[in-house]
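Inside the fold
This is what each chain is made of:
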Amino acid sequence: MGYIVSRSIMAITEAGIPDLLHDGPRSVPDLATAAGVDADALRRMLGLLESEGLLTGVAPDRVELTGRGRLLCSDTPGSLKHLCALMDHEAYTCWSGAGHALRTGGAAFDQVYGQPYFDWLAGHPDDATRFHAAQAGLVEMRLLPLLALDWSATRTVVDVGAGDGVLLHTLLTAQPHLAGIGFDLPEVTAAAPVGERTTRVGGSFFDGVPVGGDTYVLAQILHDWPDVDAVRILRRVREAMLRTGSPAARLLVLEQVVPDDTRPHPARLLDLHMLVLLGGRERTERQWRELLSRSGFRVERITAGARSALLEAVPEPD
Ligand SMILES: C[S@@+](CC[C@H](N)C(=O)[O-])C[C@H]1O[C@@H](n2cnc3c(N)ncnc32)[C@H](O)[C@@H]1O
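Residues numbered from 1 in each chain as written. Predicted model: local features only at pLDDT ≥ 70, side-chain atom pairs only at ≥ 80, totals over all residues. Heavy atoms only, no water.

Labelled according to an unreviewed UniProt entry, the protein chain appears under the name Methyltransferase, originating from Nakamurella alba.

1. Describing the nonpolar core
Formed by 29 residues in total, the largest nonpolar core has its most connected members in V160, F205, Y216, L218, I233, V237 and L251. Elements supplying a minimum of two residues to this core: β3 (156-160), β4 (179-184), β6 (215-219), α15 (227-244), β7 (250-255), α17 (285-294), β10 (297-303) and β11 (309-315). The next biggest cluster of nonpolar side chains, apart from the first, holds 20 residues, and it includes I12, L42, V58 and L72. (Core = buried A, V, L, I, M, F, W, Y, C linked by side-chain atoms within 4.5 Å. Buried < 20%, exposed > 50% of the residue type's maximum accessible area, 1.4 Å probe, protein only. Helix = DSSP H or I, 4+ residues; strand = E, 2+ residues; numbered from the N terminus.)

2. Some details on the domain arrangement of the protein chain
Segmenting the protein chain into domains produces domain 1 (2-73) and domain 2 (89-315). Of note, the centres of domain 1 and domain 2, computed from C-alpha atoms alone, are 34 Å apart. (Domains from an automatic or database assignment.)

3. Structural notes on the site of the ligand
Close to the ligand lie 20 residues, the nearest being R142, G161, D184, F205 and A219. Interatomic distance of 2.8 Å between a side-chain N/O atom of R142 and an oxygen atom of the ligand. Taking F205, its main chain carries an N or O atom lying 2.9 Å from a nitrogen atom of the ligand. Here the ligand, which alone exposes 590 Å², has 96% of that area covered by the protein. Ranked by residues supplied to the shell around the ligand, first place goes to helix α11 (residues 125-142) with 5 residues. Of the residues contributing to the shell around the ligand, the split by class is 10 nonpolar, 7 polar and 3 charged. (Near = heavy atom within 4 Å. Polar contact = N/O pair within 3.5 Å; in protein donor to acceptor, adjacent residues only side chain to side chain. Areas by Shrake-Rupley, 256 points an atom, 1.4 Å probe, with all protein chains shown as cover. Nonpolar A, V, L, I, M, F, W, Y, C, P; charged D, E, K, R; others polar.)

4. Side note on the packing of helix α1 (residues 2-14) against helix α4 (residues 39-51)
Two elements in contact, α1 and α4, have axes separated by 10 Å at closest approach and are oriented at 125 degrees. Between α1 and α4, the interaxial angle falls into the category oblique. Where α1 crosses over α4, the handedness of that crossing is left-handed. Taking contact as the criterion, the partners of I4, V5, S8, I9, A11 and I12 in α1 are, on α4, L42, M45, L46, L48 and L49. (Axes fitted to C-alpha atoms, helices over the stretch in contact; angles between N-to-C directions. Parallel < 35°, antiparallel > 145°, perpendicular 65-115°, else oblique. Left-handed = near helix turned anticlockwise from the far one by under 90°. Contact = heavy atoms within 4.5 Å.)

5. Examining the state of the cysteines
Counting across every chain of the model gives 0 disulfides. C84 forms no disulfide, and the closest cysteine sulfur to it belongs to C73, at a distance of 11 Å. You can call C84 buried: its relative accessible area is 12%. Looking at C94, it has no disulfide partner, and the nearest cysteine sulfur is the one in C84, 16 Å off. (Disulfide = S-S within 2.5 Å.)

6. Here we look at the layout of surface pockets
Of the pockets and cavities examined, the second largest pocket occupies roughly 190 Å³. With 5 residues, the single largest contributor to the lining of the second largest pocket is helix α13 (residues 166-174). The residue makeup of the lining of the second largest pocket, split by class, is 5 nonpolar, 5 polar and 4 charged. (1 Å grid on protein atoms, 1.4 Å probe; cavity = no way out; pocket = protein on both sides within 12 Å on 5 of 7 lines; lining within 4 Å. Points joined across faces, edges and corners; volume = space filled by probe spheres on them.)

7. A word on the pairing of β11
Burial analysis of β11 places 7 of its 7 residues in the buried class, which makes it a mostly covered element. Here β11 shows no split at all, with A309, L311, A313 and P315 on one side and L310, E312 and V314 on the other all buried. Pairing between β7 and β11: 5 bridges, direction antiparallel. Its bridge partner being in β11, V253 is matched across the sheet by L311. Pairing analysis gives 6 bridges linking β10 to β11, with the strands arranged antiparallel. When the bridges of β11 are listed, R298 appears paired with V314. (Pairing = 2+ DSSP bridges.)

The structure is reproduced here in structure tokens:
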């Protein structure tokens with residue numbers, strides 16, 4: 001019955017309740033009026049979330065967020081509000097096909113919606129806008145390991161699967177000597193804002209990626225795909241790097257690393273979500289090393305980050 005908790009968190013967040021509690025405690029009727037929701041239903045949902053440690057004070061009618069609950073506010077550093085938007089709608093509905101994923105090892109989304117997720121997004125621009133905005137909202141934490149790197153040997157960075165381009169924009173703002181190429185599907189690049197010193201290029205990374213970069217970034221891309229496709233993407237990136245011939249060529253992969261032990265870890269949940277949504281997977285360190293080696297890369301370093309690990313690799317020569 002865990003989804004009753006997660007659906008309640010999504011409903012409360014979508015109704016804007018955490019932001020209404022941002023400045024301090026409020027009564028349930030006051031909150032219900034401000035959010036335009038039913039006061040009795042709100043009290044019962046808040047009661048559940050109080051027992052989950054997200055807030056306090058439902059019975060005395062002085063509702064207040066806890067530190068965990070604050071993660072649902074828009075302006076909390078590392079806010080998870082965007083994750084709620086990302087896990088809702090089609091990302092939630094496709095879990096009704098979890099049995100299909102279990103039987104076949106492939107995406108449940110394709111069975112429930114009749115086509116692969118990124119194809120479906122291309123035909124549903126409003127959902128695509130929500131998806132890319134939610135991804136962009138999570139970039140702030142995702143790119144922290146990138147910002148800590150030495151960028152002095154890089155002139156041009158190619159963000160492969162750049163989405164809205166927020167990661168590239170933030171990186172270029174922090175490193176004013178860099179130019180950027182944001183590469184994604186044509187319909188995504190067409191809808192994305194063009195930042196300063198940035199070129200947008202549309203195409204599929206299964207056909208090839210732009211040449212001309214010293215550093216190539218793959219942020220939350222490879223986990224969308226099973227190994228056979230991830231290797232195809234990595235080989236395309238390596239081809240572009242070898243054709244460019246930059247002496248500073250490096251690949252930066254921002255992804256989860258699934259722990260080898262049995263302790264609970266968000267990467268385990270994301271691993272199954274990638275399976276059900278896309279037929280993809282999260283990987284252990286050993287699996288990452290094997291995948292990159294099979295694709296012609298040598299892993300130089302793996303650094304743990306707050307929300308994503310950073311894998312640094314260089315292309316092996318032909
Ligand atoms: C999980 S999002 C990651 C976005 C971004 N890198 C980030 O960290 O927020 C995956 C991205 O891959 C893009 N994508 C999917 N299939 C693609 C393809 N065949 N060629 C290029 N980009 C693709 C999607 O449009 C989406 O922007």
